[in-house]
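In case you want the letters, here they are:
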Amino acid sequence: MASPLVSLLPDFSPFRSSRDFRLLWVQGLVTNFGGFMAMIALPLQIKDLTGSPLAVGAMGAVELVPLIVFGLYGGALADAVDRRKVILGTEAGLGLLAGVLLLNALLPEPLLWPLYLVAAGVSALAGLQRPALDSLMARIVPHDQLTAAAALNAVRWQIGAIAGPSLAGVVVAYAGHATAYAVTILGFLVSVLMCLRLSAAPAAHDAEKPSLRSVAEGARYAWSRPVLLGTYAVDLAAMFFAFPNTIFPFLADDLHAEWALGLMYAAGSVGSVVLSLTSGWTSRVRRHGLLVVFGAAGWGLAITAAGWFSDVWVVLLCLGLAGAGDMLSGLGRSTIWNQTIPEELRGRLAGIEVLSYSVGPQLGQVRAGAAAGWTGTRPAIWGGGLACVASVGLLAAMLPKLLTYDATTDEDALRRRAQQEARKEASTPTP
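Conventions and cut-offs
Residues numbered from 1 in each chain as written. Predicted model: local features only at pLDDT ≥ 70, side-chain atom pairs only at ≥ 80, totals over all residues. Heavy atoms only, no water. Helix = DSSP H or I, 4+ residues; strand = E, 2+ residues; numbered from the N terminus. Rg over C-alpha atoms; globule rule 2.2 N^0.38 Å. Buried < 20%, exposed > 50% of the residue type's maximum accessible area, 1.4 Å probe, protein only. Contact = heavy atoms within 4.5 Å. Patch = residues over 30% accessible without salt bridge, like charges linked within 9 Å, V, L, I, M, F, W, Y side chains within 5 Å. Areas by Shrake-Rupley, 256 points an atom, 1.4 Å probe, with all protein chains shown as cover. Salt bridge = Lys/Arg side-chain N within 4 Å of Asp/Glu carboxyl O. Expected span 1.5 Å × (residues − 1). Polar contact = N/O pair within 3.5 Å; in protein donor to acceptor, adjacent residues only side chain to side chain. Core = buried A, V, L, I, M, F, W, Y, C linked by side-chain atoms within 4.5 Å. Axes fitted to C-alpha atoms, helices over the stretch in contact; angles between N-to-C directions. Left-handed = near helix turned anticlockwise from the far one by under 90°. Nonpolar A, V, L, I, M, F, W, Y, C, P; charged D, E, K, R; others polar. Phe/Tyr/Trp six-rings, centres within 6.5 Å; stacked < 30°, edge-to-face > 60°. pLDDT = per-residue confidence, 0-100.

Asks: Explain the overall build of the chain to me, using residue names and the numbers behind them.
Replies: The number of helices and strands found in the chain is 18 helices and 0 strands. On C-alpha atoms alone, the chain measures out to a radius of gyration of 21 Å, which is about the 22 Å that the 2.2 N^0.38 rule sets for 431 residues. The buried share of the chain, taken over its 431 residues, is 52%. For the chain, long-range pairs separated by at least 24 residues make up 87% of all intrachain contacts whose partners lie at least 6 apart in sequence.

Asks: With reference to specific residues and values, describe a nonpolar patch on the surface.
Replies: Together, Leu186, Leu189, Val190, Leu193 and Leu196 make up a nonpolar patch on the protein surface, roughly 450 Å² of accessible area in all. Here Leu189 shows up in helix 8 (residues 177-195).

Asks: Report on unusual backbone geometry, specifying residues and quantitative values.
Replies: The residue His256 is not glycine, and still its phi comes out positive at about 55°. By the secondary structure assignment, His256 is in the loop between helix 11 (248-254) and helix 12 (261-277). Given a relative accessible area of 66%, His256 falls into the exposed group.

Asks: Mind laying out helix 14 (residues 312-340), listing which residues take part and the relevant values?
Replies: For helix 14, spanning 29 residues, the distance from its first C-alpha to its last is 42 Å, which sits close to the expected 42 Å at 1.5 Å a residue. Of all 29 residues making up helix 14, 23 are buried, and the element is well covered by its neighbours. The backbone nitrogen of Trp313 has a side-chain oxygen 2.9 Å away, supplied by the residue at the start of helix 14, namely Asp311.

Asks: Lay out the pattern of salt bridges with the relevant residues and their values.
Replies: Summed over the entire model, instances satisfying the criterion amount to 8 salt bridges. One salt bridge in this structure joins Arg415 and Asp412, with 2.7 Å as the shortest N-O distance. Highlighted residues: Arg415 and Asp412, both in helix 18 (residues 411-427), separated by 3 residues, approximately one helical turn. Connected via shared salt-bridge partners are Asp79, Arg83, Glu217 and Arg348.

Asks: Before we move on, can you summarise the nonpolar core with the specific residues and values?
Replies: A general tendency of soluble globular proteins is for nonpolar side chains to be buried together. Of all hydrophobic cores here, the largest spans 54 residues; its most connected members are Leu228, Met264, Trp299, Leu319 and Leu349. Only helix 9 (212-224), helix 10 (226-241), helix 11, helix 12, helix 13 (288-308), helix 14, helix 15 (346-375) and helix 16 (377-398) provide two or more residues apiece to this core. No other element matches the 9 residues that helix 13 contributes to this core. If we skip the residues at most four places from it in the chain, Leu319 touches Phe248, Met264, Ala267, Gly268, Ile303 and Ala306.

Asks: I'd like to hear about the environment of Gly28, residue by residue, with values.
Replies: Mapping Gly28 onto the fold places it in helix 3 (residues 19-50). Residue class for Gly28 comes out buried when judged on its relative accessible area of 9%. Taking the C-alpha atoms as reference, Gly28 lies 29 Å from Trp113; in sequence the two are 85 residues apart.

Asks: Provide a residue-level description of the packing of helix 3 against helix 5 (residues 83-105), including the pertinent values.
Replies: Viewed as axis vectors pointing N to C, helix 3 and helix 5 meet at an angle of 35°, and their least axial separation amounts to 12 Å. Viewed along their axes, helix 3 and helix 5 form a crossing whose handedness is left-handed. Of the residues in helix 5, those touching helix 3 at Gln27, Thr31, Leu42 and Gln45 are Glu91, Leu101, Asn104 and Ala105. Its residues placed into classes, the contact of helix 3 with helix 5 shows 3 nonpolar, 4 polar and 1 charged.

Asks: Break down the packing of aromatic side chains for me, with residues and values.
Replies: Per the counting criterion, the structure on display carries 8 aromatic pairs. Aromatic pair Phe12 and Phe15: ring centres 6.0 Å apart, planes at 15°, arrangement stacked. Here the aromatic rings of Trp259 and Trp313 are separated by 5.5 Å at their centres, their planes lie at 45°, and the arrangement is tilted. Taken together, the residues span a long stretch of sequence, with Trp259 in the loop between helix 11 and helix 12 and Trp313 in helix 14 at a distance of 54 residues. Here Trp259 matches Trp313 in class, with each residue exposed. Taken together through their ring pairs, the aromatic side chains of Phe12, Phe15, Phe21 and Trp25 make up a single cluster.

Asks: Would you mind going over the confidence of the model for the chain in detail, with residue names and values included?
Replies: Per-chain confidence: the chain averages 85 in pLDDT, with 93% of residues scoring 70 or above. Considering each helix and strand of the chain separately, the mean pLDDT is smallest for helix 1 (residues 4-8), with a value of 58, and largest for helix 13, with 95.

Next up, the structure:
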C-alpha cells in the first residue's frame, strides 16, 4: 500500500498513457517561458518609452476585445478543422509577432504603436489557440485521467508563471528588450517543432463551418446543462468579487510593507503550485462539483482573511491559501468540462471558457478599484471576499446538480466516456 505522502504526489498516469500529452506538456512549458518573457518585456518597454502608467495600463484594454472575439470564434474553429493545425498555426503566428517586437527593439528609436499592435495580435492568436488546446485534452487523455492531466498542466503553467517573470526581469535588466524577444522567438521555434510531431486531430466529417450560428449552438448547450452553467457562474462570481490584485500596491502601503508587493503577486501562484504538487488525491475524487464549490468558497474566505489581518506574513499566507483554493476549483471545472462535453462541441464550449476566465478578472479589478476608492483598501478586499463566499453559496443552492455531480453516474459523463472508448476502438488496428 502506498504511503500517505506518496498518495499526495501528482498522478503521472497521463504521461505514461499519452504520447501527445507528453508533447503538449513540454511544448507548453517552453511556450510559457517564452510567453512570460515577452509579457514582462513588453509593458516594461512601453514604460521606458512613455514613462506613463496610463500608457502601460492601456495595453489591457487593447488585449481584452480581441481575446473575447477570437476566443469565441476560435471555439467554433476548433470544432470545424484539425485542432493540431490550429495550434501549429497560432504558435507560428506568435513567433512571427515576437519577431516584430525584436525588429522594433533593434531600431535606433523603437516605435510605440507596434507594441500595441502586437499586444492585440497576441491576444487574438491566444484566443484562437486556447479552445483548440483545451478541447484536444479530452481526446488524447483517457477519461479517468482527466483530473490528473489538469493538475499536471497546472504545475506546468505555474512553473512558467513563477520562473518566467523572474527570469524575464533579469534578462531585460541586464541584456535589454531585444534579447528578451530573441529568447521568446527561440521558444516558439522549439514549440512549433514539437507541435509538428502531434497526431492529427481532425473534426467530424459533418462538422459545421465556423459561424455565429455554431457559436450560439454551443452557448445554448451550456445554458441547458446546469452543471456546466454552475462551473462558469461560480468562476465568474469568484473572480468578480474577490480578485483584488490591482489594489495590492495600496495594500502594501497600508501594511507599511512596500517590500512585500512582489510577494503578494507571487503568493497565489505559490499556493497553486503546492496544491498541484499534492494533488494525487484528486484523481480519486468523483464529485468534482464539490471541488468547484469548496475551492471557490475557500478562495473567498482566504481573500477575506487577507483583507482583515494586519500582519503582512499572515496576509501572504492567506493569499497563498487563496491560490490553492482557486486551483482546487479549477481542477474541478476542467474535469467536468472534459468529462461531459461532447466531442463535437468541445471547441465552442472552450471558447465560452475563454470568455469566462478573461472577463471575470478584468471586471474584478474594476470592482476592487472602485470599492477601494469608496470604502478603503482593506474593506474592499475583505468585503469582496465575503461577497464571493455568499455568491458561491447562493449559486450552489440555485444549481444543486453541480453539488451532486458524480463522474460515475452523470449521464453526460457516461456518454462522453462511451464516445471516447468508441473512438479508441475505431482507431485500433484489426489484427
